[in-house]
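Listed here are the chains, written in short residue letters.
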Amino acid sequence: MTYKIIASQCTGCSACEPQCPNVAISEKNGTFVINPKKCTECIGYFDEPQCVAVCPVENTCVIDTSFPRYQPAA
Amino acid sequence: MSAVVVGIAATLSSVPISTGTVIRVEVANQAAAPKGCSSSGSSGKSSCGSGAGAGDLSPEIWEKIKNHPCYSEEAHHHYARMHVAVAPACNIQCNYCNRKYDCANESRPGVVSERLTPEQAAKKVVAVASTIPQMTVLGIAGPGDPLANPDKTFKTFELISRQAPDIKLCLSTNGLALPDHVDTIKKFNVDHVTITINMIDPEIGAEIYPWVYYRNKRYKGRDAAKILTERQLQGLEMLTDRGILCKVNSVMIPGINDKHLVEVNKAVKSRGAFLHNIMPLISAPEHGTVFGLNGQRGPTAQELKALQDGCEGQMNMMRHCRQCRADAVGLLGEDRSAEFTTEKIMQMDVEYDAEKRRIYQESVETVRQEKAAAKKAELVGLAGEHTDIKVLVAVATKGEGKINEHFGHANEFQVYELSTEGAKFVGHRRVDLYCQGGYGEEDTLATVTRAINDCHAVFVAKIGGCPRDELKAAGIEPVDKYAFEFIEKSALAWFKDYLAKVKAGEIEHTTRGDAAIRQGALLAA
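Residues numbered from 1 in each chain as written. Chains lettered and ligands numbered in written order. Predicted model: local features only at pLDDT ≥ 70, side-chain atom pairs only at ≥ 80, totals over all residues.

### With respect to the overall build of chain A
- A count of helices and strands for chain A gives one helix and four strands.
- When its helices and strands are written in sequence order, chain A yields β-β-β-α-β.
- A globule of 74 residues ought to have a C-alpha radius of gyration of about 11 Å, and chain A, at 11 Å, matches this closely.
- Across its three principal directions, the C-alpha atoms of chain A cover 35 × 25 × 20 Å.
- Counting across all 74 residues of chain A, residues that qualify as buried make up 36%.
- Expressed as a percentage of contacts within chain A between residues at least 6 apart in sequence, the contacts between residues at least 24 apart total 67%. (Helix = DSSP H or I, 4+ residues; strand = E, 2+ residues; numbered from the N terminus. Rg over C-alpha atoms; globule rule 2.2 N^0.38 Å. Buried ≥ 20, exposed ≤ 12 C-beta atoms within 10 Å, placed from the backbone. Contact = placed C-beta atoms within 7 Å.)

Structure, rendered in structure tokens:
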């Protein structure tokens, strides 16, 4: 799995963008999106996903269940 | 004192802190030795502050604030400021803020209509400076926190200091990231920094801040508030150590921090803050904030004034704050941001003319001196009077320190307290325009009356017959005989007449009631 940003909730404040350790977040039409190929759920970097921790709107950065759970390299 | 606080910071930065093991080092709140300009005279009261004039301050400090509308009450009648909204991200959550709410018809911090890149912001500043030569201050105040967007904030300062070097740079922060950036702030010659400090007690902080994002972690409740207060006070000390003028903003939230703000006042004064600005909470359900939705009320006009008066013995207080938007442009009481949208700016062909600005600002200084002389002359007449009578009066003005606004066109009234000591600016009341399209509206008149209900008189350049009668019925005397004259001189002349009438038994002095602070959106721009 990976995190995704619910566009209708995103304020476009950009707080998440510089916090992502994988540079997976970018702006698209005034709101922000997470590249699922780059997202590691912050595993191996931080105790909690940074986009979730910094986002000003609750339940906006959420798990995208359409992707398999991220597996850190052994 | 400094060493203790720095020690805490070292602990914070070197030890990974989890929610369960929050450091237990208390920030000492005992009064540290006053620094900077915060001590003088036998009263122990700061000699610097909102109402202070050239004679009360050291030349160095006066030079810094004399044309800064936010740091000098006297300057705010003449000089304008602008904010550029280059800093959208924030690192804390406050219960009086909802970042989803962007509305052009509303004036409160945290709200903007459009965000700018540093390059757009620099162009906007040059365009505004050329159009409004009395614009002397550029501030970055959000709509998030400037120091949660350090690259954008400092890039903007860099561009502006190159293109318009005479403009003063200013920023307003919640203080969480402040200690990390103090040296950069100094490097960019940012002379004025405002920190919003609503508490120094984490128990109280937990009711105001649901969380902070600090060192890659979200902290909640008391832990969050504890980190925040430590960082704020440390940042304040670091700034004052470097000679940077600091203003502290506090939001007065009745039942939560209203009594506590007296302690906050002492704590910030002892750390060298220059000015304390206690502002009323703005809270309405339509703002979608926690406080708006849970019915938390803001203070009344007299509750706010009583707290400001109570703290004034410790330190001078700012009372002319308009709690403006993060993209405001113009004099503090006005907002001309709609004239300077990005679309319009990009079409403007602007040339920065420093000489033209200097000449204009010289003419402003002449008016200021005339105003001060007029006030002084009127004060002489009061010298022999001794009475405890104090009254408030409201004034319709659009700047220059003159009574030069029509009652129906005023979207705010400035409030002066008159006594034998003189005329003192003690606040302002925002109202909806009474007169729209030439017709006065009765419902609006009632809200105006409520907003200035604690005043004995209202000074205007002109007023229609209908509102005149209604104001009289409400016990507020409409006064238009000083139209286009200086405010303080006129108010003192009126006050002398008032005292004479009381003395002669023509009228009886009565005290007025309380007044309401307007909460809703500013519907008429």
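### Remarks on helix 10 (residues 301–312) of chain B
All names here are of chain B.
- For helix 10, with 12 residues, the first-to-last C-alpha span of 16 Å sits near the 16 Å given by 1.5 Å per residue.
- Of the residues making up helix 10, those classed as buried are Ala 301, Leu 304, Lys 305, Leu 307, Gln 308 and Cys 311. One face of helix 10 carries all of its buried residues, which in axial projection span an arc of 165°.
- Of the surrounding secondary structure, the elements contacted by the buried residues of helix 10 are strand 8 (245–252), helix 8 (261–270), strand 9 (275–280) and strand 13 (422–430). (Expected span 1.5 Å × (residues − 1). Arc of directions from axis to C-beta.)

### Here we look at helix 15 (residues 487–503) of chain B
Residues and elements named next belong to chain B.
- Compared with the 24 Å implied by 1.5 Å per residue over 17 residues, the 24 Å span of helix 15 between its first and last C-alpha is a close match.
- Listed in full, the buried residues belonging to helix 15 are Ile 487, Glu 488, Lys 489, Ser 490, Ala 491, Leu 492, Trp 494, Phe 495 and Tyr 498.
- Elements that come into contact with the buried residues of helix 15 comprise helix 12 (354–380), strand 11 (391–395), strand 12 (412–419), strand 13, strand 16 (457–459) and strand 17 (477–479).

### A few points about the domain arrangement of chain B
Residues and elements named next belong to chain B.
- Per the domain assignment, the segments making up chain B are domain 1 (2–33 + 45–343) and domain 2 (370–503).
- Listed as interface residues are 11 residues of domain 1 and, on the opposing side, 11 residues of domain 2.
- Partitioning the side of domain 1 that touches domain 2 into residue classes produces two nonpolar, six polar and three charged. (Domains from an automatic or database assignment. Nonpolar A, V, L, I, M, F, W, Y, C, P; charged D, E, K, R; others polar.)

### Side note on the nonpolar core
- Ranked by internal contacts, the top residues of the largest apolar core, which has 161 residues, are Val 125, Val 212, Val 393 and Val 458 of chain B.
- Among the elements that line this core, the one with the most residues is helix 7 (residues 221–241) of chain B, at eight residues. (Core = buried A, V, L, I, M, F, W, Y, C linked by C-beta atoms within 7 Å.)

### With respect to the packing of helix 5 (residues 178–187) of chain B against helix 7 of chain B
All names here are of chain B.
- Running from amino to carboxyl end, helix 5 crosses helix 7 at an angle of 20°, the nearest separation of the two axes being 9 Å. Our classification of the angle between helix 5 and helix 7 gives roughly parallel. Here the hand of the crossing between helix 5 and helix 7 comes out right-handed. Within the contact between the two elements, helix 5 uses Leu 178, Pro 179 and Val 182 and helix 7 uses Arg 231, Gln 234, Gly 235, Met 238 and Leu 239.
- Of the residues belonging to the contact of helix 5 with helix 7, the class tally is five nonpolar, two polar and one charged. (Axes fitted to C-alpha atoms, helices over the stretch in contact; angles between N-to-C directions. Parallel < 35°, antiparallel > 145°, perpendicular 65-115°, else oblique. Left-handed = near helix turned anticlockwise from the far one by under 90°.)

### Observations concerning the interface of chain B and chain A
- Between chain B and chain A, the contact holds 12 residues from the first and 13 residues from the second.
- The residue inventory of the side of chain B that touches chain A, partitioned by class, reads five nonpolar, three polar and four charged.

### Describing the pairing of strand 11 of chain B
All names here are of chain B.
- Among the five residues that make up strand 11, five are buried, leaving the element largely enclosed by the rest of the structure.
- Side chains Val 391, Val 393 and Val 395 project from strand 11 onto one buried face, and the interleaved Leu 392 and Ala 394 project onto a second face that is buried too.
- Note: strand 11 against strand 12, five bridges, orientation antiparallel. Bridged to Ala 394 within strand 12 is Val 415.
- Sheet topology places strand 11 next to strand 16; three bridges connect them, and they run parallel. Pairing of Val 393 across the sheet is with Ala 457, part of strand 16. (Pairing = 2+ DSSP bridges.)

### Overview of the confidence of the model for chain A
- Summary statistics for chain A give a mean pLDDT of 90 and a share of 93% for residues scoring 70 or more.
- Taken element by element, chain A is modelled with least confidence in strand 4 (residues 61–64) of chain A, mean pLDDT 92, and with most confidence in helix 1 (residues 50–54) of chain A, mean pLDDT 97. (pLDDT = per-residue confidence, 0-100.)

### Digging into the environment of Lys 376 of chain B
- Structurally, the position occupied by Lys 376 of chain B is in helix 12.
- Between the alpha carbons of Lys 376 of chain B and Val 264 of chain B there is a distance of 35 Å; along the sequence they are 112 residues apart.

### Some thoughts on unusual backbone geometry
All names here are of chain B.
- Of note, the phi angle at Asn 189 is positive, near 60°, even though the residue is not glycine.
- Secondary-structure assignment places Asn 189 in the loop between helix 5 and strand 5 (192–196).
- By the C-beta count within 10 Å, which is 12 here, Asn 189 ends up exposed.
- Backbone geometry at Phe 484 places phi at a positive 65°, although glycine is not the residue there.
- Summarising the element assignment, Phe 484 is placed in the loop between strand 17 and helix 15.

### Details of the sheet that holds strand 3 (residues 135–140) of chain B
Residues and elements named next belong to chain B.
- Read across the open sheet, the seven strands follow the order 9-8-5-4-3-1-10; overall the sheet is mixed. Only two strands of the sheet have a single neighbouring strand rather than two, namely strand 9 and strand 10 (329–330).
- Two elements, strand 8 and strand 9, share six bridges in a ladder whose sense is parallel. In the sheet register, Val 248 faces strand 9, and the bridge partner there is His 276.
- Helix 10 rests against strand 8 and strand 9 of the sheet, and its axis sits at about 165° to strand 9.

### Digging into the sheet that holds strand 16 of chain B
Residue and element names in this part refer to chain B.
- Ordered by their spatial adjacency, five strands build an open sheet running 13-12-11-16-17, and the pairing between neighbours is mixed. The sheet terminates laterally at strand 13 and strand 17, the two strands that pair on one side only. Strand-to-strand twist across the sheet, computed as the mean angle between neighbouring axes with direction ignored, equals 25°.
- In the packing of helix 15 onto the sheet, contacts are made with strand 11, strand 12, strand 13, strand 16 and strand 17, and the angle to strand 12 comes to roughly 50°.

### Examining the packing of helix 12 of chain B against helix 15 of chain B
All names here are of chain B.
- Contact geometry of helix 12 with helix 15 gives a least axis separation of 8 Å together with a crossing angle of 15°. Looking at the two axes, helix 12 sits roughly parallel to helix 15. The handedness of the crossing between helix 12 and helix 15 comes out as left-handed. Contact residues: helix 12 offers Ala 374, Lys 375, Glu 378 and Leu 379, while helix 15 offers Glu 488, Lys 489, Leu 492 and Ala 493.
- Along the lines of polarity and charge, the residues of the contact of helix 12 with helix 15 split into four nonpolar, no polar and four charged.

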